[in-house]
Amino acid sequence: MGAHIQIERRAAQRFDLQLPVSLHVANEGKENRSLTRDLSAAGTLLYTDRCLEENASVELTFIMPSEITFDGNLRVRCLGKVLRVTPPQVGSNYSIAIHFEHYEFLPDKEPSVRYAA
């Protein structure tokens, strides 16, 4: 039996972190609450009850934990694009893969500003 070798193609280390996320779709006023499955500097896979379109522009706001920042918890706003949408397997949540195009660290008390495309 031959050995199976799997090559990792991700550019950034991925962390298995379940973090609450505020999700906004570009040009919409509605906020959706979501939960990450994993997170990296390049993107995230999250669960949400909302079906999004591939290539949709989104804004995510969440607290990045000290396990990633090595300097305490930091509020982050990420702007990105939806890469992939997987329908619910169990329950009502879609799996949404998002690639981050830009992110910024926010002061503790600053409210989220909605993404405008």
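Please read these numbers as outputs of a predicted model, since none were measured by experiment.

What follows covers the overall build of the protein chain. A count of helical and extended segments in the protein chain gives one helix and six strands. The buried share of the protein chain, reckoned over its 117 residues, is 41%. Restricting the contact set of the protein chain to residue pairs at least 6 apart, pairs at least 24 apart contribute 56%. When the accessible surface of the protein chain is split by element, carbon and sulfur atoms take 51% of a total near 7600 Å².

This part takes up the side chain of Ser-40. Inspection of the secondary structure puts Ser-40 in the loop between strand E2 (31-39) and strand E3 (43-48). Among the residues examined, Ser-40 registers a relative accessible area of 6% and is labelled buried.

Two side chains carrying opposite charge are able to pair once their charged atoms lie near each other. This model, assessed by the stated rule, comprises five salt bridges. Measuring nitrogen to oxygen at the nearest pair gives 2.6 Å for the salt bridge that ties Arg-14 to Asp-38. One end of the pair, Arg-14, is in the segment before strand E1 (20-25); the other, Asp-38, is in strand E2, and 24 residues separate them in sequence. Using a relative accessible area of 29% as the deciding quantity, one classes Arg-14 as partly exposed.

Procedures and definitions
- All residue numbers refer to positions counted from 1 along the written sequence of the respective chain.
- Residues qualify for local features only when their pLDDT is at least 70, as the model is predicted, and side-chain atom pairs are given and counted only at 80 or more; totals for whole chains, interfaces and linings, by contrast, use all residues.
- Side-chain calculation: all heavy atoms of the structure are included, whereas hydrogens and water are not.
- The helix count covers DSSP runs of H or I at least four residues long, the strand count covers runs of E at least two residues long, and both are numbered beginning at the N terminus.
- Only protein chains enter the area calculation, which uses a 1.4 Å probe; residues under 20% of their type maximum are buried, those over 50% are exposed, and those in between are partly exposed.
- Contacts between residues were defined by any pair of non-hydrogen atoms, one from each residue, lying within 4.5 Å.
- Using the Shrake-Rupley algorithm and a 1.4 Å probe, accessible areas are obtained, with residue cover drawn only from the displayed protein chains.
- Just to be clear on terms, a salt bridge is a Lys or Arg side-chain nitrogen sitting within 4 Å of an Asp or Glu carboxyl oxygen.

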